[in-house]
Structure formats: C-alpha cells, structure tokens
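Listed below are the residues making up each chain.
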Amino acid sequence: MNTYNIYEDGDISLKNFLNIISSQISFILMTSAIFGFLFFGYSFLQDDKFTSKIVITYSQQKTNMSGMGSGLGGLGQLAGIDLGSSTSPAEEESYARLLSRVNIQSFLENSEELRDHFIKKTQDDNAENFEPIFNLVNDSISMSRSKVSGITNIYFSASDRHTSANFLNQLILHTNEFLRAEAKKLATEKVDFLAIESSKNSYRNVQAIFGRMIETEIQNKMVANTSQEYAFRVIDPAPIPLSKSSPRTLLATMLGLLLGLLAGVTLAILKKSKPE
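Since we're looking at a predicted model, the values are computed, not measured.

*Asks:* Looking at this model, I keep getting lost on the side chain of S198. Mind explaining?
*Replies:* As for its position among the elements, S198 is in helix 8 (residues 161-199). For S198, a relative accessible area of 14% translates into the label buried. With sequence-adjacent residues up to four places away left out, S198 is seen in contact with Q207 and F210.

*Asks:* Got a minute to help me understand the side chain of N153 in this structure?
*Replies:* As for its position among the elements, N153 is in strand 5 (residues 151-158). Contacts of N153, omitting those with residues within four sequence positions, involve K53, I54, V55, S142, M143 and S144.

*Asks:* Would you mind going over helix 1 (residues 14-23) with me for this structure?
*Replies:* Note on helix geometry: an α-helix contains 3.6 residues per turn, so any two residues three or four positions apart are oriented the same way. N16, I20 and I21 are the residues of helix 1 that are buried. Buried positions in helix 1, seen along its axis, are confined to an arc of 140° and lie on one side of it. Away from its buried face by more than 90 degrees, helix 1 exposes L14, K15 and S22.

*Asks:* How do you make sense of the nonpolar core when you look at a structure like this?
*Replies:* The nonpolar side chains of a soluble globular protein tend to be buried with one another. The biggest cluster of nonpolar side chains holds 31 residues, and the ones touching the most others in it are L108, F167 and F232. Among the elements of the structure, strand 3 (50-58), helix 4 (89-98), helix 5 (101-109), helix 6 (112-122), helix 7 (131-140), strand 5 and helix 8 are those that each provide at least two residues to this core. For this core, the element with the highest residue contribution is helix 8, accounting for seven residues. Filtering out sequence-adjacent residues up to four positions away, L108 remains in contact with L114, R115, F118, F130, I133, V137 and F167. Grouped together as the second largest cluster of nonpolar side chains are six residues, I21, I28, V265 and I269 included.

*Asks:* What am I meant to see in the sheet that holds strand 4 (residues 141-145) here?
*Replies:* In a beta sheet, neighbouring strands pair by backbone hydrogen bonds and run either parallel or antiparallel. Spatial ordering of the open sheet is given by 4-5-3-6, a layout of four strands whose pairing is antiparallel. Looking at which strands have only one partner, the edges of the open sheet turn out to be strand 4 and strand 6 (232-236). Adjacent strand axes in the sheet meet at a mean angle of 30° when their direction is disregarded. Across four bridges, the pairing between strand 3 and strand 6 is antiparallel. Looking across to strand 6, one finds that T57 is bridged to R233. Packed on one face of the sheet, helix 4 meets strand 3, strand 4, strand 5 and strand 6 and runs near 155° to strand 3. Where helix 8 meets the sheet, its contacts fall on strand 3, strand 4, strand 5 and strand 6, and the angle it forms with strand 3 comes to roughly 25°.

*Asks:* For this particular structure, what's the right way to read a negative patch on the surface?
*Replies:* On the surface, E112, E113, D116 and D160 cluster together into a negatively charged patch. Along the chain, E113 turns up in helix 6. Judged by its relative accessible area of 65%, E113 falls in the exposed class.

*Asks:* Sorry if this is basic, but what is going on with the packing of aromatic side chains here?
*Replies:* Describing an aromatic ring pair means giving the distance of the ring centres and the angle of the ring planes. If you walk through the whole model with that rule in mind, you get seven aromatic pairs. Relative to F167, the ring of F118 has its centre 5.9 Å away and its plane inclined at 80°; by these criteria the two rings are edge-to-face. Of this pair, F118 sits in helix 6 while F167 sits in helix 8; the two residues are 49 residues apart in sequence, bridging distant segments of the chain. In terms of burial, F118 and F167 fall into one category: buried. Judged by centre distance (4.1 Å) and plane angle (15°), the ring pair of F156 and F167 falls under stacked. With F156 in strand 5 and F167 in helix 8, the pair connects residues that are 11 residues apart, well separated along the chain. The same class applies to F156 and to F167, which are both buried.

*Asks:* What should I look at first to understand the pairing of strand 5 in this one?
*Replies:* Along any regular strand, the residues point their side chains to alternate faces of the sheet. Pairing of strand 3 with strand 5 involves eight bridges; the strand directions are antiparallel. What sits directly across from I54, in strand 5, is I154. Count of turn residues in the strand 4/strand 5 antiparallel hairpin: five residues, of which G150 carries a positive phi of about 80°.

*Asks:* In this structure, what is going on with the pattern of salt bridges? I would like to understand it.
*Replies:* By the definition in use, this model includes nine salt bridges. Note that E182 is salt-bridged to R97, the shortest N-O span being 2.6 Å. Of this pair, E182 sits in helix 8 while R97 sits in helix 4, and the two are 85 residues apart along the sequence. Residue classification places R97 among the partly exposed residues on the basis of a relative accessible area of 23%.

*Asks:* Sorry, what's going on with the environment of F178 here?
*Replies:* Topologically, F178 is positioned in helix 8. Apart from residues lying up to four places away in sequence, F178 is in contact with R97 and N103.

What counts, and at which threshold
Residues numbered from 1 in each chain as written. Predicted model: local features only at pLDDT ≥ 70, side-chain atom pairs only at ≥ 80, totals over all residues. Heavy atoms only, no water. Helix = DSSP H or I, 4+ residues; strand = E, 2+ residues; numbered from the N terminus. Buried < 20%, exposed > 50% of the residue type's maximum accessible area, 1.4 Å probe, protein only. Contact = heavy atoms within 4.5 Å. Arc of directions from axis to C-beta. Core = buried A, V, L, I, M, F, W, Y, C linked by side-chain atoms within 4.5 Å. Pairing = 2+ DSSP bridges. Axes fitted to C-alpha atoms, helices over the stretch in contact; angles between N-to-C directions. Patch = residues over 30% accessible without salt bridge, like charges linked within 9 Å, V, L, I, M, F, W, Y side chains within 5 Å. Areas by Shrake-Rupley, 256 points an atom, 1.4 Å probe, with all protein chains shown as cover. Salt bridge = Lys/Arg side-chain N within 4 Å of Asp/Glu carboxyl O. Lys, Arg positive; Asp, Glu negative; His and termini not counted. Charge placed at Lys NZ, Arg CZ, Asp CG, Glu CD. Phe/Tyr/Trp six-rings, centres within 6.5 Å; stacked < 30°, edge-to-face > 60°.

Put into structure tokens, the structure is as follows:
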C-alpha cells in the first residue's frame, strides 16, 4: 500500500495531498454518499411541519404621557441611547398573559378541534393532564417583538397547515375576548365600589374626586364594550402556509454529502499519509 508524507519542509505538500485524494477517490465518494443517505433518511422520517405567522400590535388606548414616552424611547434607541423600555406595564402584562399557561388552557378548552389535535399529537388519553399539551404548544410557538415600532410577529408550527393558521388567528381572538370580559367586570366592580364610597362622604370636593374616578372607569368599560380588538390589533392575519417549513430534505441531504466529503477526505489522509 502506497503511503505519502503530506508534509514537506514543514508545509503541506499539495502534490502528495492530491495523490492521496486521487488514490482514495472511491472511498471518499462512498463515505459522502453514506452520509448523504443517512441525512436524507433521517429527514425523510421526520413529520412535516407547517409554520404560519400573524402580525399584531398592542391596541389598548394609552395616555398622552405614555405615548410621549414611547416616542422618546424610540428616538433614543435610534440614536443609540438607552432610555429604558418604551412599553407600558399594561402592554407587558397583556403579552405575558397571551402565551400564559392559563390563557392557552382556556383557549383550547373552548376549541374542541384544536384540543383534540394536540391530544392526538401528545398521545396522552388523559384529558385532565394539560401539561404535555402545553409543553407541545410552548415548543411550537415563538414571538418576536419590536419595542420601537410596536410590531409583534408570532409564529406557530404544526403538522397540519390549517392548524398552524387557525391556532394563531383564534388565539388572538380568544385573548381579546378574555381580556375584554375581564376589563368590563373590573370596571363595573370599581364603579360600584366608588359609588358606595362617594355616598358615604358629604364633602363636595371629595365627591368630585370620586365622580372623576367613576367617569374614568365608565370610559374604560365603554372601550371594552365597543373594542373587538381590545388588547391586540391584527395587522396581518395568519395565512394557511402553502409549503412545509421543515424538514428541508434537500438541504439536509446536501449537508450530509458535504460532511461526508469532509469526513472521507480526513479519513483518507489519515489512512494514506505516513509520519515524518
């Protein structure tokens, strides 16, 4: 068996390197083909995933001061100056609740079709055990937010193209309705409480303060009653994806061929080179 010294005078010998490659070309190509076939097989056996995207923004009314703060925060970020978060606590809470365990569970309990889909995927017949379903949903959903523009992209991947779109569109609808109902209930309770407290006090100045507070809560209730997109406004609904997002069989195969080629060349060099 011919061996070659790949180093000459401390440098790699191109001639000997090419001699090794030419003498071991069949071995290198076979190694590359094996890797490509393995990567193709692994990719082929994976379930198809379809990813849909919905574009939303926070829609609750903000005070003039918070709007000014948002504008200054955006200008500061553009100038490379950190002026702190430009979002309000209410906005941060709404986004946190959007993907919370409580909201996802409430949403799926009201959607029999989607709930059955996830129960089937988790292969858990125990309908009372929500943990596997939530873990599956949590692994399938992602969100990217721009605090400068206020635009949020939410992505969801599912094995069914219709499920990926329906999940996102219905989740936003459910969350808006849930937060609307909660806001109306809270405003009603505050109005009732303030009215009782106001009736206990005979001072006009104090009653005027209670009156303004009651007026504010009535306005909040009116907004909740009339705003269908109470917390989140949909800019671009989630479409039904036309093609799968994964697995990318061709890309996986090409990657396997490349890695196999590198592995084949490395093994060939180790096999045919001789120590100095």
